[in-house]
Amino acid sequence: AYTAEPFVPGRGGLTALRRAAAECRGCPLHRDATQTVFGDGNKDARVMLVGEQPGDQEDRQGKPFVGPAGRLLDRALEEAGIDPSEAYVTNAVKHFKFTQAEPRKRRIHKAPTLREMTACGPWLAAELAVVEPELIVVLGATAGKALLGSSFRVTQVRGTVLEEEIHGRPERLVPTVHPSSVLRADDREAAYRGLLSDLKVAARVLA
Ligand code: URA
Ligand code: SF4
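The model shown is predicted, which means the values in this text are computed figures rather than measured ones. (Residues numbered from 1 in each chain as written. Chains lettered and ligands numbered in written order. Predicted model: local features only at pLDDT ≥ 70, side-chain atom pairs only at ≥ 80, totals over all residues.)

What to know about the site of ligand 2
Right, on to step 1. Contacts to ligand 2 come from 16 residues, most closely from C24, G26, C27, H95 and C120.
Right, on to step 2. For the shell around ligand 2, the element with the most residues is helix α4 (residues 114–131), which contributes 4 residues.
Right, on to step 3. Residues of the shell around ligand 2, tallied by class, amount to 9 nonpolar, 4 polar and 3 charged. (Near = placed C-beta within 6 Å. Helix = DSSP H or I, 4+ residues; strand = E, 2+ residues; numbered from the N terminus. Nonpolar A, V, L, I, M, F, W, Y, C, P; charged D, E, K, R; others polar.)

Next up, the structure:
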């Protein structure tokens, strides 16, 4: 089976993890992507935000949530009362998955499979073990399935505080929609207000 496990160092902090993740060959996604996009932020962060996978901009820049979805997320976090610079941001899958009709054509994001999410899980587990956040904000269905299993339904649990065992540790989580889904929504204003109201639940947990 695909797995990042043999690439994850048994000890060391975020710097060691990031360096090792750059060499991960745990699943085929490393082949076409530019680079590994590891999580970013402070090891003492109280809140960890988990997205799906890097997008086009993240793949080029090597940092999570630096494109349009990231800008929207930062704005919503600030508005909810969570300082984005004090959060740790990462993704369930650390390489960009895409389709491309022809070379030099636009790269179109493709959802990772359950196998790829499972393969990449050891990196997320290692990040959780180092950062030990007080709260995990789950951004969308893919992150939810990666953390809570394939029966996760974002519409059923968004904006609620869950207590679950994740990779052997008790965690507190607040799920919400993925910021990209706000950008794609027919009614963007309403979708943004929904995201904001969920993030305010997270802010209250951290208060
Ligand atoms: N979408 C994600 O899920 N993660 C990113 O880093 C960027 C966009
Ligand atoms: Fe490794 Fe994850 Fe990249 Fe697959 S997606 S190669 S498991 S870092």
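Read on, since the account is not over.
Thoughts on the sheet that holds strand β7 (residues 169–176)
Two modes of strand pairing occur in sheets, parallel and antiparallel, and in both the strands are linked by backbone hydrogen bonds.
Right, on to step 1. The strand order across the open sheet built from 5 strands is β2-β1-β5-β7-β6, with neighbouring strands paired in mixed fashion. Two strands close off the open sheet at either side, each with one partner strand: β2 (88–91) and β6 (162–166). Each strand axis lies, on average, 35° off the axis of its neighbour in the sheet, ignoring direction.
Right, on to step 2. α4 rests against β1 (47–51), β2, β6 and β7 of the sheet, and its axis sits at about 165° to β2.
Right, on to step 3. Its contacts with the sheet place helix α5 (residues 141–148) against β1, β5 (135–139), β6 and β7, and it is angled at close to 130° to β5. (Pairing = 2+ DSSP bridges. Axes fitted to C-alpha atoms, helices over the stretch in contact; angles between N-to-C directions. Contact = placed C-beta atoms within 7 Å.)

A look at the pairing of β1
Right, on to step 1. Burial analysis of β1 places 5 of its 5 residues in the buried class, which makes it a mostly covered element.
Right, on to step 2. Side chains V47, L49 and G51 of β1 all project onto a buried face; the interleaved residues M48 and V50 project onto the opposite face, where all are buried too.
Right, on to step 3. Judged from the 4 bridges that link them, β1 and β5 form a sheet pairing that is parallel. When the bridges of β5 are listed, V50 appears paired with V138.
Right, on to step 4. Summarising the sheet, β1 and β2 pair through 4 bridges and their orientation is parallel. Within the sheet, the bridge partner assigned to V50 lies in β2 and is T90. (Buried ≥ 20, exposed ≤ 12 C-beta atoms within 10 Å, placed from the backbone.)

Concerning the confidence of the model for the protein chain
Right, on to step 1. Per-residue pLDDT for the protein chain averages 97, and the proportion of residues at 70 or more is 100%.
Right, on to step 2. Predicted as a complex, the structure gets a pTM of 0.97 and an ipTM equal to 0.96. (pLDDT = per-residue confidence, 0-100.)

Re α4
Right, on to step 1. Its 18 residues give α4 an end-to-end C-alpha distance of 25 Å, which sits within 8% of 26 Å, the value for a rise of 1.5 Å per residue.
Right, on to step 2. In α4, a bend of some 40° at C120 exceeds every other bend along the element, and P122, a proline, comes one to four places later.
Right, on to step 3. Looking only at α4, the buried set comprises E116, M117, T118, A119, C120, G121, W123, L124, A126, E127, L128 and V131.
Right, on to step 4. Looking at the buried residues of α4, the elements they touch are α1 (14–21), β1, β2, α5, β6 and β7.
Right, on to step 5. Immediately beyond the C-terminal end of α4, within one or two residues, lies E132, with a positive phi of roughly 45°. (Expected span 1.5 Å × (residues − 1). Bend = angle between axes of the 7 residues up to and from the residue.)

Side note on the packing of α4 against α5
Right, on to step 1. Look at α4 against α5: their axes get within 10 Å of each other, and the N-to-C directions meet at 75°. Of the possible angle classes, the one that applies to α4 and α5 is roughly perpendicular. Together, M117, G121 and L124 of α4 and T142, K145 and A146 of α5 make up the contact between the two elements.
Right, on to step 2. A class-by-class count of the residues in the contact of α4 with α5 yields 3 nonpolar, 2 polar and 1 charged. (Parallel < 35°, antiparallel > 145°, perpendicular 65-115°, else oblique.)

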